[in-house]
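Examining the three-dimensional arrangement
This is what each chain is made of:
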Amino acid sequence: MSDASVYPYEENGYTLYSTAYCPFAQRALRALSAAKVPFKVVEIDLQNKPEWYHLVNPQLKVPALRTPDGTILVESLVVSEFVADQFPESQLIPADAIERAQLRLFVEVFNSRVTPHIFGSLKAATEEAQKEHVDKLLSGLREVSEELVKQWARPSGKGGPFWFGDKFSLAEINTASFVNLLAGPKHYRGLAIPETDEYAAYHKWVEAFSQHPIYTDFQSSNEAIVHGMKKFVA
Ligand SMILES: N[C@@H](CCC(=O)N[C@@H](CS)C(=O)NCC(=O)O)C(=O)O
């Protein structure tokens with residue numbers, strides 16, 4: 001594009017600036033698809049970013065969402081929450097404020113106890129540090145499992161198998177791409193998630209969402225993840 005003030009977007013529609021293998025972008029892709037919002041994808045090559053991309057996101061990160069009125073939203077959790085709020089009929093989040101808070105807490109538990117140790121385990125240089133991250137990953141996944149057991153006993157959990165009962169919701173949209181990334185520590189650091197009662201709810205949940213089209217449509221293959229994560233391996 002020659003004019004430096006111009007960038008591509010869909011007139012009167014939603015435009016998502018995205019990179020296919022990015023786990024953050026996958027949150028936005030899944031939220032828009034689950035809400036059945038028509039949107040145009042502009043694929044951003046992170047190795048060779050278009051010169052206009054700073055006009056969309058000065059941080060130069062994906063995802064970014066341009067709304068029909070020209071507002072640009074960045075940060076994947078902000079984008080997915082916006083979609084859930086803007087399209088309440090899609091029921092990506094419960095209507096009740098307490099239940100919404102419980103969903104957000106589940107996402108927070110996953111993102112604070114599991115996600116940092118995915119990359120942490122790969123980047124750690126010593127065997128001892130790697131083992132520490134793998135142990136923390138396992139305790140984080142145990143906590144996720146406990147949260148699911150608690151949630152499924154609540155009226156909104158309806159016994160599972162998704163966080164929100166029989167609905168693929170924002171709980172999966174905001175976490176599933178990082179479950180997908182566990183292929184990295186499994187391959188490089190020997191992570192093995194036990195098939196014990198402590199992890200039973202976690203396994204049931206993963207089994208359920210892994211078959212859902214909103215997950216499979218944007219899933220990265222284990223081979224692609226292992227290849228893409230190689231650069232993080234100490
Ligand atoms: N906190 C951001 C993180 C987004 C992020 O880090 N995206 C990566 C790609 S997966 C990116 O755009 N990195 C910029 C780069 O590689 O130059 C979010 O949740 O949206």
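Before reading on, note that the structure itself is shown above.
The shown structure was predicted, so the numbers you read here are calculated from the model rather than taken from an experiment. (Residues numbered from 1 in each chain as written. Predicted model: local features only at pLDDT ≥ 70, side-chain atom pairs only at ≥ 80, totals over all residues. Heavy atoms only, no water.)

1. Observations concerning the overall build of the protein
The criterion, for reference: Where helices and strands are cited, they refer to DSSP runs of H or I of at least four residues and of E of at least two residues respectively, numbered from the N terminus. Values of the radius of gyration come from C-alpha atoms, whereas the globule rule sets the reference at 2.2 Å times the count of residues to the power 0.38. Classification of residues uses two cut-offs on accessible area relative to the type maximum, computed with a 1.4 Å probe and protein chains only: under 20% is buried, over 50% is exposed, and between them is partly exposed. Pairs of residues are marked as contacts when any of their non-hydrogen atoms sit within 4.5 Å. Residue burial considers only the protein chains on display, and all accessible areas are found by Shrake-Rupley using a 1.4 Å probe. The charge count treats Lys and Arg as positive and Asp and Glu as negative. His and the chain ends do not count. Charged side chains are reduced to one point each, which is NZ for Lys, CZ for Arg, CG for Asp and CD for Glu.
Per the secondary structure count, the protein includes 12 helices and four strands. Computed over C-alpha atoms, the radius of gyration of the protein comes to 18 Å, within 12% of the 17 Å expected from 2.2 N^0.38 for 234 residues, which places it in the range of a compact globule. Structurally, the protein occupies a C-alpha span of about 60 × 45 × 25 Å along its principal axes. Every one of the 234 residues in the protein was classed for burial, and the buried ones make up 48%. Put simply, 69% of the contacts in the protein that link residues at least 6 apart link residues at least 24 apart. Summing over all exposed atoms, the protein offers an accessible surface of approximately 11500 Å²; the carbon and sulfur share of this is 53%. In the protein, 23 positive and 29 negative side-chain charges are present, and the distance between their average locations comes to 2 Å.

2. Observations concerning the pattern of salt bridges
Applied cut-off: Whenever Lys or Arg places a side-chain nitrogen within 4 Å of a carboxyl oxygen from Asp or Glu, that contact is recorded as a salt bridge.
Scanning the entire structure with this criterion turns up eight salt bridges. Of the charged contacts, one joins Glu-81 and Arg-104 as a salt bridge, the two residues approaching to 3.0 Å between their closest N and O atoms. You can see Glu-81 sitting in helix α3 (residues 76-86) and its partner Arg-104 sitting in helix α4 (residues 97-113), a full 23 residues away along the chain. Since its relative accessible area comes to 22%, Glu-81 is described here as partly exposed. Between Lys-131 and Asp-135 there is a salt bridge, and its shortest N-O distance comes to 2.8 Å. Of the two residues, Lys-131 and Asp-135 both sit in helix α6 (residues 127-152), four residues apart, roughly one turn of that helix.

3. Points about the site of the ligand
As a reminder, the rule being used: To be near a molecule or strand, a residue needs just one of its heavy atoms within 4 Å of it. Polar contacts, as used here, are pairs of N or O atoms within 3.5 Å; protein pairs need one atom able to donate a hydrogen and one able to accept it. Residues neighboring in sequence count only if both atoms are side-chain atoms. Throughout, the ten residues Ala, Val, Leu, Ile, Met, Phe, Trp, Tyr, Cys and Pro are labelled nonpolar, Asp, Glu, Lys and Arg are labelled charged, and all others, Gly among them, are labelled polar.
The environment of the ligand is formed by Cys-22, Phe-24, Leu-46, Lys-49, Leu-60, Lys-61, Val-62, Pro-63, Glu-75 and Ser-76. Within the side chain of Lys-49, a nitrogen or oxygen atom sits 2.4 Å from an oxygen atom of the ligand. Here Ser-76 contributes a side-chain N or O atom positioned 2.6 Å from an oxygen atom of the ligand. When the ligand sits alone it has 520 Å² of accessible area, and the protein chains cover 73% of it. In terms of residue class, the shell around the ligand is made up of six nonpolar, one polar and three charged.

4. Quick look at the packing of α4 against helix α5 (residues 115-123)
To be explicit about the condition: Simply put, an axis is a line fit to the C-alpha atoms, just over the touching stretch for a helix, and the angle between two N-to-C directions goes from 0 to 180 degrees. An angle below 35 degrees is treated as roughly parallel, one above 145 as roughly antiparallel, one from 65 to 115 as roughly perpendicular, and anything else as oblique.
Look at α4 against α5: their axes get within 3 Å of each other, and the N-to-C directions meet at 15°. Between α4 and α5, the interaxial angle falls into the category roughly parallel. Listed contacts from α5 to Phe-110, Asn-111, Ser-112 and Arg-113 of α4 are Thr-115, Pro-116 and His-117. Of the residues contributing to the contact of α4 with α5, the split by class is two nonpolar, four polar and one charged.

5. Topic: unusual backbone geometry
Look at the link from Val-62 to Pro-63: it is a cis peptide, with omega at 5°. Following Gly-160, the chain continues into Pro-161 via a peptide bond in cis, with omega recorded as 10°. With respect to the helices and strands, Pro-161 occurs in the loop between α6 and α7 (170-173). The residue Glu-75 is not glycine, and still its phi comes out positive at about 80°. The exposure class of Glu-75 is exposed, given its relative accessible area of 54%. Even without being a glycine, Lys-158 presents a positive backbone phi close to 45°.

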